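# Structural overview
In case you want the letters, here they are:
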Amino acid sequence: MTPAEKAGADAILEIQDLRLHFPIKAGLLKKTVGYVKAVDGVSFDVYAGETVGLVGESGSGKTTIGRCIVRLYKPTTGSMHFRTEAGPVDIAQLDKRELLPIRRDIQMLFQDPNSSLNARIRVGDIIAEPLEIHAIGTADERRSRVEDLLEQVGLGAEMFNRFPHQLSGGQRQRVGVARALSIEPRFVICDEPVSALDVSVQAQVLNLLADLQEELGLTYVFIAHDLSVVEYISDRVMVMYLGKLMETAPTRKIFEKPAHPYTEALLNSIPKRAPGGHRKRFVLTGDIPSPVNPPAGCVFHTRCQYAVEICRTETPPLKPLPEDPETSVACHLAEEVTLQPYYTAEERRNLESSRA
Amino acid sequence: MNNLEGSGDERRFNLFGIRKKNIESGLKDEYQLLTVRQLMIRKFLRNRMALLSFIALVIIYAVTLFAGFFAPYTARDADSKLTYSPPMAIRLQDPETGHFHLPFFYPLRGKRNMETFQLEYVEEREERIPIQFFVKGEPYTALGIIVWDVHLFGSSDPAERLHIMGSDVRGRDLFSRIIYGGQVSLSVGIFGVLITIAVGSVIGTLSGYYGGVFDNVVQRLIETIRSFPQLPLWMALAAAIPPQWPPEWVYAGIVVVLAFINWTGLSREARGLVLSLKERDYVHAAEASGASTARIVRVHLIPNMASHIIVTATLAVPVTILGESALSFLGIGVRPPMVSWGLLLNDAIKIQNIVLYPWTLFPGLFILVAVIAYNFLGDGLRDMVDPFSR
């Protein structure tokens, strides 16, 4: 999907100023002494049929956003309008019963296939669980649906009676994919679905996800900490840091023309595959600050090599770049500093031709 | 896909994981795969001590269940001529020829030692009383309904009694009393633990799943109960059982008293399990699909908790048995005419009794065996619940 098409398409999900603050309770009386600001004012749209990559370090809040969208968590404030046949519905504050029909459309794919499959249940029953919960079909219909799904994710119907421990990691993740797709959702949150897998298997699962997207017209929010995985699968990338969005841009632009110093730092952390030697790297040091007491001003200023006085006092809003409206950045210096790309347009072309 | 029919049958896997091609189901894989349960059973069978303990416990329970048949006498059958008689030896050898002889024993004759005034027993070597199997003796009621009078073994002469583990102050056969006492001591363990499981797992699951105020109250209550020393608390509670209650009620009261402390441990175990299991991604996946709480508890929590609960419960049985023994030994547990191992040990409460009649310690041996067997069994089960570890 090109950006132009996207602009015409309606957003399937519109998130406005989403916040999730977990209270910290302490003492005998469990008084609230503070909040973990896991997600702190995030707004973005997701368009039907696209894949949005959501990247950031551990603790940046990307998984929390995913869990808010499938409503494992209830957001503190903000709205999440999900487009249904009856028009957009704000799913942020719905209760369990009201959510049930929406849950058919939004599913989640989990990171660790060892913990996302119940060891006591047969593969067939694992995949059939969402169908059972929504009381879809008879037992026989469900069985044949599960067998079809097993074939669709490349496992084969004979896996029906296996237990998860009898499968390899990649096979287990395919079971997870089949379960997520069993009730035909339109929207899937992929929470680092390949980071627990062997590199050789990662590509297979990514290909499977890409094929299924094309086949079934799915929309993905793809959460990852590995930019090279995101580069492969995403149309757009959103970079998160400490519960806030730092930059959103089409995938290629992120790599060729990063606009936020944090994006640059993340790109620097990828080992370079193209020949041509090593650049001087700026590598992020230290840990992500505590989301209980985020730094004042720009949350990234404590680790930013370009930070100036204004960064410490004023919070930069996320706004489109004047010369490139597809890219939005939350940085005071976005127009002043020149950041090092992961590769130049020329390098990318070389890389692509060498791949082909 | 039709040939998948019937492949869900677990029976087609054989227990020992031997390579076996399944022709019927037409599966491609040649190595058959074991289910979690099968892995668990294999793991348990490999633990020799646990298996042995399990067999020992089955035998002990079977014997006490059919106490009337296995015991040569009833628990109240007394012979005033043979008070505190020492254990009588079962002989299989003819002393004159040295050859094998069918089992027999020499009857004991009591004689007062005029210096110490102790009753001393000597074997009457002139007489041989054959030991008979399936001998008719005192009638008894087995399993509460069957009235019968055949005993597994016993003296062929009703006038000459056989006490293979000696007798007590009133000349009652200690071996028979131990078997009858096992009915109380061993069943206290089982019933006590059943109450423990029922109360502990329900409260533990609820407080783990819902947390909040309920969890807070329950945890503080458990901490309070557990901060008392166990034995004095048991004693205080047992002392609260009204003395005019019939023995059966007292028995039930003791079971409740013992379970009163044990449920706290099991409830903590269950709570911890729920806290860990409810954060597993498969529970999140079920929640994201809109599963009800009841479904999550039934499908995801209980099956994953059951084995841990069984282990904890198994290890709680010997604690309960010891608790009952301790209370009865101190005279505040079950009351006569009921018999239990602790109550029998009460005969050995005075040091001179242990010196003069050391066989009164036999019930202790049975307690020891039962407790050790349960501990080994629990140990084997603990290994079993984690079938993937080496």
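Residues numbered from 1 in each chain as written. Chains lettered and ligands numbered in written order. Predicted model: local features only at pLDDT ≥ 70, side-chain atom pairs only at ≥ 80, totals over all residues.

### Quick word on the overall build of chain A
A tally of helices and strands in chain A yields 13 helices and 12 strands. In summary, chain A has a C-alpha radius of gyration of 21 Å against a globular reference of 21 Å for 356 residues, a match within 12%. Long-range pairs, those at least 24 residues apart, make up 66% of the contacts in chain A between residues at least 6 apart in sequence. (Helix = DSSP H or I, 4+ residues; strand = E, 2+ residues; numbered from the N terminus. Rg over C-alpha atoms; globule rule 2.2 N^0.38 Å. Contact = placed C-beta atoms within 7 Å.)

### Let's talk about the overall build of chain B
Helix and strand counts for chain B come out as 12 helices and six strands. Compactness check: chain B gives a C-alpha radius of gyration of 27 Å against a globular reference of 21 Å for 390 residues, more than 25% above the reference. Principal-axis analysis of the C-alpha atoms gives chain B an extent of 90 × 60 × 40 Å. Once local pairs closer than 6 in sequence are excluded, the contacts in chain B between residues at least 24 apart make up 68%.

### Some thoughts on the pairing of strand β5 (residues 129–142) of chain B
Residues and elements named next belong to chain B. By the bridge criterion, two bridges tie strand β2 (residues 100–105) to β5 in an arrangement that is antiparallel. What sits directly across from F105, in β5, is I129. As paired strands, β5 and strand β6 (residues 146–155) are joined by eight bridges and run antiparallel to one another. When the sheet's bridge partners are listed, K136 is paired in β6 with V150. Between the antiparallel neighbours β5 and β6 lie three residues, among them L143 with a positive phi of about 55 degrees. (Pairing = 2+ DSSP bridges.)

### Let's talk about the domain arrangement of chain A
Residues and elements named next belong to chain A. Structurally, chain A comprises domain 1 (1–105 + 186–201 + 212–356) and domain 2 (111–184). Across the boundary between the two partners, domain 1 contributes 11 residues, which contact 10 residues of domain 2. Only β7 (187–191) and α8 (199–216) provide two or more residues apiece to the side of domain 1 that touches domain 2. Taken together, the residues of the side of domain 1 that touches domain 2 break down into six nonpolar, one polar and four charged. (Domains from an automatic or database assignment. Nonpolar A, V, L, I, M, F, W, Y, C, P; charged D, E, K, R; others polar.)

### Re the sheet that holds strand β1 (residues 91–93) of chain B
Residues and elements named next belong to chain B. The strand order across the open sheet formed by four strands is β1-β2-β5-β6, and the pairing between neighbours is antiparallel. The sheet is open, and its two edges are formed by β1 and β6, each paired on a single side. Between one strand axis and the next, the sheet turns through 30 degrees on average, direction left out of account. (Axes fitted to C-alpha atoms, helices over the stretch in contact; angles between N-to-C directions.)

### Some points on helix α8 (residues 281–288) of chain B
For α8 of chain B, the buried fraction is high: eight of the eight residues fall into the buried class. A positive backbone phi angle near 95 degrees is found at G290 of chain B, which sits one or two residues after α8 of chain B. (Buried ≥ 20, exposed ≤ 12 C-beta atoms within 10 Å, placed from the backbone.)

### Things to note about the pairing of strand β4 (residues 77–84) of chain A
All names here are of chain A. Bridge analysis of strand β1 (residues 11–26) against β4 gives five bridges, and the strand direction is antiparallel. Of the residues in β4, the one forming a bridge with L13 is F82. Of the strand pairs in this sheet, β4 and strand β5 (residues 87–90) are connected by four bridges, and their pairing is antiparallel. Within the sheet, the bridge partner assigned to H81 lies in β5 and is D90. Between the end of β4 and the start of β5, which pair antiparallel, lie two residues.

### With respect to the nonpolar core
The biggest cluster of nonpolar side chains holds 158 residues, and the ones touching the most others in it are L54, V55, C190, V221, F222 and V239 of chain A together with I254 of chain B. Among the elements that take part in this core, helix α7 (residues 247–277) of chain B stands out by supplying 14 residues, more than any other. With residues up to four places along the chain from it excluded, the contact list for L54 of chain A reads K62, I65, V221, F222, I223, M238 and M240 of chain A. (Core = buried A, V, L, I, M, F, W, Y, C linked by C-beta atoms within 7 Å.)

### Structural notes on unusual backbone geometry
The omega angle of the peptide bond from P336 of chain B to P337 of chain B is 10 degrees, so this bond is cis rather than trans. Looking at the element boundaries, P337 of chain B is found in the loop between α9 (293–329) and α10 (341–345). Located in the positive-phi region is A135 of chain A, a residue other than glycine, with phi close to 50 degrees. Unusually for a residue other than glycine, Y84 of chain B sits at a positive phi of about 50 degrees. Within the secondary structure, Y84 of chain B is located in the loop between α3 (67–70) and β1. The buried category is assigned to Y84 of chain B, around which 22 C-beta atoms lie within 10 Å.

### So, the interface of chain A and chain B
Each partner contributes to the interface: chain A provides 29 residues, whereas chain B provides 25 residues. At the level of secondary structure, the elements contributing two or more residues to the side of chain A that touches chain B comprise α3 (96–103), β6 (106–109), α4 (113–116) and α5 (123–133) of chain A. Counted by class, the side of chain A that touches chain B contains 13 nonpolar, eight polar and eight charged residues.

### Side note on the sheet that holds β4 of chain A
Residues and elements named next belong to chain A. Reading across from one edge, β2-β1-β4-β5 is the order of the four strands in this open sheet, with antiparallel pairing throughout. A single partner strand is all that each edge strand has here, and the edge strands are β2 (31–47) and β5. In this sheet, neighbouring strand axes are inclined to one another by 25 degrees on average, regardless of whether the strands run parallel or antiparallel. On top of the sheet, helix α2 (residues 62–69) reaches β1, β2 and β4; it is set at about 75 degrees to β2, its chief contact.

### Notes on the packing of helix α4 (residues 174–210) of chain B against α7 of chain B
Two numbers describe a pair of packed helices, the interaxial angle and the distance between the axes. Residues and elements named next belong to chain B. The contact between α4 and α7 brings their axes to 5 Å, and the two run at 40 degrees. Taken as a pair, α4 and α7 cross one another with a handedness that is right-handed. Considering only residue class, the contact of α4 with α7 consists of 19 nonpolar, 10 polar and three charged. (Left-handed = near helix turned anticlockwise from the far one by under 90°.)

### Points about the environment of R71 of chain A
Residues and elements named next belong to chain A. Mapping R71 onto the fold places it in the loop between α2 and β4. Since 23 C-beta atoms lie within 10 Å of it, R71 is described here as buried. Apart from the residues lying within four places of it in its own chain, the contact partners of R71 are I91 and L99.

### Here's the deal with the confidence of the model for chain B
Should the pLDDT be low somewhere, the predicted coordinates at that spot are not to be read in detail. Residues and elements named next belong to chain B. Chain-level statistics for chain B give a pLDDT mean of 81 and a share of 90% at 70 or above. Note on residues 1–30: pLDDT is under 50 here. Beyond four places in sequence and across chains, it has 33 contacts. The complex model carries a pTM of 0.76, and its ipTM stands at 0.87. (pLDDT = per-residue confidence, 0-100.)

### Focus: the environment of R112 of chain B
By secondary structure assignment, the location of R112 of chain B is in strand β3 (residues 108–112). Setting aside residues up to four positions removed in sequence, R112 of chain B forms contacts with F117 and L119 of chain B.

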